[in-house]
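Commentary on secondary and tertiary structure
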Amino acid sequence: MANYPVNKIRNVCLMGHGGDGKTSLVESLLNISGATDRVGKIADGNTVCDFDPEEIRRKFSISTAVAPVEWNDCKINLLDTPGHEDFSEDTYRVLTAVDAAVMVIDAAKGVEAQTIKLLEVCRMRKTPIITFINKLDREVRDPLDVIGEIENVLKLQCVPITWPIGMGKTFRGVFSLLKNRLVRFTAGEERLSRDQEMIEGLDNPELDRLFPMEMPYVRESVELVQGATEPFDIEKFLAGEQSPVFFGSALTNFGVEPFLENFLRLTPTPLARVDSLTNEPVDPCRDEFSAFIFKIQANMNKAHRDRIAFMRICSGKFERGMEAYHVQEGKNIKLATGTQLMAQDRAIVDEAYAGDIIGLFDPGIFSIGDTLCTGKKKVQFAGIPTFSPEHFARIEQKDTMKRKQFVKGMEQIAQEGAIQIFREVGGGMEEVVVGVVGVLQLEVLEYRLNTEYNVEIRMQQLPFEQLRWVQNDPDTYNLRDLDLTSDTKAVEDMKGNRLLLFTSDWAIRWAETHNEELKLSEFGNI
């Protein structure tokens, strides 16, 4: 893949509730752009982004995958995020690295719980949102009903760019409100633009001849929606207040090309990230290199058995073998190998420019949120918060002879951010407490330890429900002197940060009211 300057790069994540069709939409975009020669299907276990055996078995994403596409002399980094709430922390981290989001909604189910949560994160970050209403090839709800629900539940102003004609068995195509033409759909075919039939004008008599039953309602709906919605405003879109809406069927490759054609026009070029040391934005066009790590994943490709750190370049240029200052470690390091990621596949990158997302070989020196930079004036980007787990379990290996593999596996998976490891204050790794956001992460942990590290474990669920980081100075504040409930447990994480595990809100209130100087935080790495 060619190198692209900052004004030719787009970074976008696909987000939404599980099963809404994010991975299928990525498959369609890859196919239409020419990156692949077929459209993979989740049911067949052959999609580009859901390559992990556990994802194939469960038939949903459990980790974010990067899939770049080239379109109209630009590079679009698509980040396919998990929709299941148990793996939502991965999605939250990815949102720090992108400049826009595509909200995928199932036209039959409408707005669902996880979509609401993710929209709130986007709103806090003022992330521009494009909406793709999916699965029009099935029997779904009235488009006006879905649009109304988005506006009422998500408080997001919608501006339709395309509009469907029919649904399910009577799905006839999508009408472009911008170009005033219909792209006709033929069931059972996955067709590209060179094959598609175009019919110009909503009042074209040919539409009445072809679709006599659908067109009166379509014209009425289009007239209603155009009269009820404000014109598209690029400033409101970039502020996250207004969303252009597209309709289609990712599974059949239909309605996706009009979406892709408008994508480059709508989405912003890579935006400046703020230097937390000065609170000033770092200009992407400045010469000095700067970047941050937003994701780490081990064993993506079973042939390599290594770890890759996902890096968003914020300014300057990456060059293979360059030296950069690792802010958190306080020293210069050599960035020996950069890789262009396509899900689990990779290719060596000699150089990459501001705004791009690439992978770095990680020998164990990077953590999520780390900053890298060059030049005399150092920069540091804000750390990515660690969220408080809601489920806890005691973990130990069955075979004590495999302690080395157990420790390596636990530490590597923890460094990915998939789990959090806690141990007795001053203790070792013989027995640890694992905290996760969702209970399915414990199942995935057991599976990965077994298949990737050949370690079998014993797991005991624990009654703790909440965790708080202790903010007091460890040199002057002794946890043993605290007045706590008998079921509250003091632990430390892998970096030596001290924490308290609680079984209830009441136990947290007890700790706060009976220890006046105690300072607790729901988030780590702030």
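Structure first, text after, so check above.
Because the structure is a prediction, the values reported are computed rather than measured.

Let's shift gears to the overall build of the chain. When its secondary structure is counted, the chain shows twelve helices and 31 strands. Counting only C-alpha atoms and orienting by the principal axes, one finds that the chain spans roughly 80 × 50 × 45 Å. Relative to its full complement of 526 residues, the chain shows a buried share of 56%. In the chain, the share of contacts with a sequence separation of at least 24, taken over all contacts with a separation of at least 6, comes to 71%. As presented, the chain carries roughly 22600 Å² of accessible surface, and 48% of it is formed by carbon and sulfur atoms. Of the charged side chains in the chain, 61 are positive and 82 negative, and the gap between their average positions amounts to 3 Å.

Attention now goes to the packing of aromatic side chains. Applying the stated criterion across every chain yields a total of twelve aromatic pairs. Measuring from ring centre to ring centre gives 5.2 Å for Trp163 and Phe247, while their planes differ by 65 degrees; the resulting arrangement is edge-to-face. With a gap of 84 residues between them, Trp163 in strand β7 (residues 162-165) and Phe247 in strand β11 (residues 242-247) connect regions that are remote in the sequence. On the basis of relative accessibility, which here comes to 1%, the residue Phe247 falls in the buried class. Members of the aromatic cluster, each reached through a chain of ring pairs, are Phe132, Phe246, Phe259 and Phe263. Of note, Lys378 hangs over the ring of Tyr325, and the distance from its end group to the ring centre comes to 4.6 Å.

The next thing to look at is unusual backbone geometry. At Lys59, a position not held by glycine, the phi torsion is positive, near 65 degrees. Its place among the elements puts Lys59 in the loop between α2 (53-58) and β2 (65-71). Judged by its relative accessible area of 45%, Lys59 falls in the partly exposed class. With a phi close to 55 degrees, Lys126 is a non-glycine residue in the positive phi region. With respect to the secondary-structure elements, Lys126 resides in the loop between α4 (113-125) and β5 (129-134). The class of Lys126 is exposed, set by a relative accessible area of 58%.

Let us look at the sheet that holds strand β18 (residues 331-335). Judged by pairing direction, the sheet is antiparallel, and its eight strands sit side by side in the order β18-β17-β23-β14-β15-β22-β19-β20 without closing on themselves. Looking at the sheet topology across the chains shown, the edges are occupied by β18 and β20 (345-349). Across this sheet, the average inter-strand angle for adjacent strands is 40 degrees, counted without regard to direction. The pairing of strand β19 (residues 338-342) with β20 spans five bridges and is antiparallel. When the bridges of β20 are listed, Leu341 appears paired with Arg346.

Quick look at the sheet that holds strand β24 (residues 391-397) now. In spatial order, the strands read β27-β24-β26-β25-β29-β30-β28-β31; together these eight strands make up an open sheet with antiparallel pairing. Both outer strands of the open sheet, β27 (457-462) and β31 (520-521), are each paired with one neighbouring strand and no more. Pairing between β24 and β27: six bridges, direction antiparallel. Counterpart to Arg394 in the pairing with β27 is Gln460. Along the sheet, helix α11 (residues 440-453) contacts β24, β26 (432-436) and β27; its crossing angle with β27, the most-contacted strand, is approximately 165 degrees.

For the structure shown, the criterion picks out 30 salt bridges. For Lys179, the salt bridge goes to Glu261, with nearest N and O atoms at 3.5 Å. Here the residue Lys179 occupies a position in the loop between β8 (173-176) and β9 (181-184), and Glu261 occupies one in helix α9 (residues 256-266), the gap between them amounting to 82 residues. Overall, the relative accessible area of 45% leaves Lys179 in the partly exposed class. What emerges from the salt-bridge pattern is a single network uniting Glu54, Arg57, Arg58 and Glu443.

Where helix α10 (residues 403-415) contacts α11, the axes come no closer than 10 Å and their chain directions differ by 125 degrees. With respect to each other, α10 and α11 are oriented oblique. Along this stretch, α10 crosses α11, giving a crossing that reads as right-handed. On α11, the residues that touch Gln405, Lys408, Gly409, Met410, Gln412 and Ile413 of α10 are Leu445, Arg448, Leu449 and Tyr453. Taken together, the residues of the contact of α10 with α11 break down into five nonpolar, three polar and two charged.

This paragraph deals with the side chain of Lys489. Looking at where Lys489 falls in the secondary structure, it is placed in strand β29 (residues 489-493). Side chain to side chain, Lys489 and Glu424 meet in a polar contact 2.6 Å long. Contacts of Lys489, omitting those with residues within four sequence positions, involve Glu424, Phe464, Leu499, Leu500 and Leu501.

Below, the discussion takes up the pairing of strand β30 (residues 498-502). In summary, the side chains of a regular strand alternate between the two faces of the sheet. Judged by how many residues are buried, β30 sits mostly within the fold: five of five residues are covered. Neither face of β30 is left uncovered, since the one carrying Arg498, Leu500 and Phe502 and the one carrying Leu499 and Leu501 both have all their residues buried. Sheet topology note: the strand β28 (residues 466-470)/β30 ladder contains four bridges and is antiparallel. Bridge pairing in β30 places Leu467 opposite Leu501. Where β29 lies against β30, four bridges are found, and the strand directions are antiparallel. Within β30, the residue paired with Ala490 across the bridge is Leu500. In sequence, β29 turns back onto β30 through a hairpin of four residues, with Gly496 there showing a positive phi of about 85 degrees.

The subject of this paragraph is α10. Compared with an ideal rise of 1.5 Å per residue, which puts 13 residues at 18 Å, α10 spans 18 Å between its outermost C-alpha atoms and is within 8% of the ideal. When we look at burial in α10, the residues that qualify are Phe406, Val407, Gly409, Met410, Gln412, Ile413 and Ala414. Looking at the residues trailing α10, positive phi occurs at Gly417, about 90 degrees.

Moving on to the nonpolar core. Core analysis: the biggest nonpolar cluster contains 80 residues, and Phe289, Met311, Phe318 and Leu335 have the highest contact counts within it. With sequence-adjacent residues up to four places away left out, Phe289 is seen in contact with Met311, Ile313, Ser315, Gly316, Lys317, Phe318, Met322, Ala324, Leu335, Leu372, Cys373 and Thr374. Core analysis: the second largest hydrophobic core is formed by 33 residues, Ala67, Ala100, Val102 and Phe263 among them.

What counts and what doesn't
- Residues numbered from 1 in each chain as written.
- Predicted model: local features only at pLDDT ≥ 70, side-chain atom pairs only at ≥ 80, totals over all residues.
- Heavy atoms only, no water.
- Helix = DSSP H or I, 4+ residues; strand = E, 2+ residues; numbered from the N terminus.
- Buried < 20%, exposed > 50% of the residue type's maximum accessible area, 1.4 Å probe, protein only.
- Contact = heavy atoms within 4.5 Å.
- Areas by Shrake-Rupley, 256 points an atom, 1.4 Å probe, with all protein chains shown as cover.
- Lys, Arg positive; Asp, Glu negative; His and termini not counted.
- Charge placed at Lys NZ, Arg CZ, Asp CG, Glu CD.
- Phe/Tyr/Trp six-rings, centres within 6.5 Å; stacked < 30°, edge-to-face > 60°.
- Lys NZ or Arg CZ within 6 Å of the ring centre and 35° of its normal.
- Pairing = 2+ DSSP bridges.
- Axes fitted to C-alpha atoms, helices over the stretch in contact; angles between N-to-C directions.
- Salt bridge = Lys/Arg side-chain N within 4 Å of Asp/Glu carboxyl O.
- Parallel < 35°, antiparallel > 145°, perpendicular 65-115°, else oblique.
- Left-handed = near helix turned anticlockwise from the far one by under 90°.
- Nonpolar A, V, L, I, M, F, W, Y, C, P; charged D, E, K, R; others polar.
- Polar contact = N/O pair within 3.5 Å; in protein donor to acceptor, adjacent residues only side chain to side chain.
- Expected span 1.5 Å × (residues − 1).
- Core = buried A, V, L, I, M, F, W, Y, C linked by side-chain atoms within 4.5 Å.

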